[in-house]
Protein chains: 2
Amino acid sequence: MDDDDLRRGKPTAHKAFGEANAILAGDALLTMAFDAAAESGSAAVLRELARAAGVAGMVGGQVIDLESENKQLTLEQLRRVHAYKTGALIRVSVRVGALLGGAGDSALEALTRFGESIGLAFQIADDILDVVGEEAALGKRTGSDANKHKSTYPQLVGLERARQLAGEAVDEAVAALAGFGPEADVFRALARFIVERDK
Amino acid sequence: MDDDDLRRGKPTAHKAFGEANAILAGDALLTMAFDAAAESGSAAVLRELARAAGVAGMVGGQVIDLESENKQLTLEQLRRVHAYKTGALIRVSVRVGALLGGAGDSALEALTRFGESIGLAFQIADDILDVVGEEAALGKRTGSDANKHKSTYPQLVGLERARQLAGEAVDEAVAALAGFGPEADVFRALARFIVERDK
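Residues numbered from 1 in each chain as written. Chains lettered and ligands numbered in written order. Predicted model: local features only at pLDDT ≥ 70, side-chain atom pairs only at ≥ 80, totals over all residues. Heavy atoms only, no water.

**Some details on the interface of chain A and chain B**
Listed per partner, the contact involves 28 residues of chain A and 28 residues of chain B. Counting every contact that joins chain A to chain B gives six salt bridges. Across the contact surface, chain A and chain B share four residue pairs in polar contact (both at pLDDT 80 or more). At the level of elements, α2 (19–38), α3 (43–53) and α4 (58–68) of chain A are the ones that each hand at least two residues to the side of chain A that touches chain B. By residue number, the principal contributor to the side of chain A that touches chain B is α2(A), which donates 12 residues. The class makeup of the residues in the side of chain A that touches chain B is 16 nonpolar, six polar and six charged. (Contact = heavy atoms within 4.5 Å. Salt bridge = Lys/Arg side-chain N within 4 Å of Asp/Glu carboxyl O. Polar contact = N/O pair within 3.5 Å; in protein donor to acceptor, adjacent residues only side chain to side chain. Helix = DSSP H or I, 4+ residues; strand = E, 2+ residues; numbered from the N terminus. Nonpolar A, V, L, I, M, F, W, Y, C, P; charged D, E, K, R; others polar.)

Laid out in structure tokens, this is it:
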């Protein structure tokens, strides 16, 4: 939808296979995700996933995002776009693992906060990389947000403050895991990786 | 994907709201379908539905259909396109109702044959209406199949033979219901309506 030519250094699907096939590949993958999740045998998990993917999540966020092009958003509005567009799916990914793993209420709540925090950190880092990242490492064009006059964290609060906010989100994510021992170390490393990555 | 301007007398979504929103509406509705189906509490139903919608069903059929434009298909190939593109979803709709209603093996098998037969009848009738239908009643342009050099039943076997095949498919659908009493009358009426409709 951003009509970019590249993703991860390769031509985007609509460039390589045409628009119709790209749309259908999206429909097919969305459908396969529900098929795979249904293997869990849990209809409750399916519902959480559907809500995070649909109008109250990813799809709704993408609509707001498209409508926001060429408009100046406030920090609060930007946060909301991202909470829908990417945050909901990251959050539900963590929750579904916790639910299927039999997590109790307090563990589920902690992991939900972890998911929300890394979702926010991911998005701020993504905005920063679009400004300072190397095209070769990212495998996509940089500067595309600015070219489309999209509101981003660096544009709204400056690069330095954006880095600070990303760091705070990671700290919150790690703090949410305080009740867990070394079994959560991979999650702690994941949270740090999100802001340290260069692609 | 056929880039038609009208559906049921109204502008198509991509004409009225733009391509991006039309794609997203499709993603949202696909997702809502899984959310609604998950209300059944049955992960098995979800899996049947996902398979009928995905690469082995609707999406796969649409891909084959697009690849078949400007090619001359055999009757057997045409039947396969439709079995995927529209047949799988009609079939699964009947099966899911039967499964959730607690149908036994033989009732499920009979209803599955019913679903497959009305799916075939529907598609032949749809091809016929694209040739002989009134645009006003249909609410969409007629002749669009011929304009795109698409293989259809009337084009492959002639209008008269196509009508005969549609009638035979309806007869098979009604025959599949032989084991049911008056409780299946609405299904018998539905089968006949498919070929008698003028829109």
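This is not the end of the story, as more comes after the structure.
**A word on unusual backbone geometry**
Although it is not a glycine, A:N70 sits at a positive phi angle of roughly 65°. With respect to the helices and strands, A:N70 occurs in the loop between α4 and α5 (75–100). Under the relative-accessibility criterion, A:N70 is labelled exposed at 57%. The backbone of B:R8 shows a phi angle near 50°, a positive value even though the residue is not glycine. Looking at the element boundaries, B:R8 is found in the loop between β1 (6–7) and β2 (10–11). (Buried < 20%, exposed > 50% of the residue type's maximum accessible area, 1.4 Å probe, protein only.)

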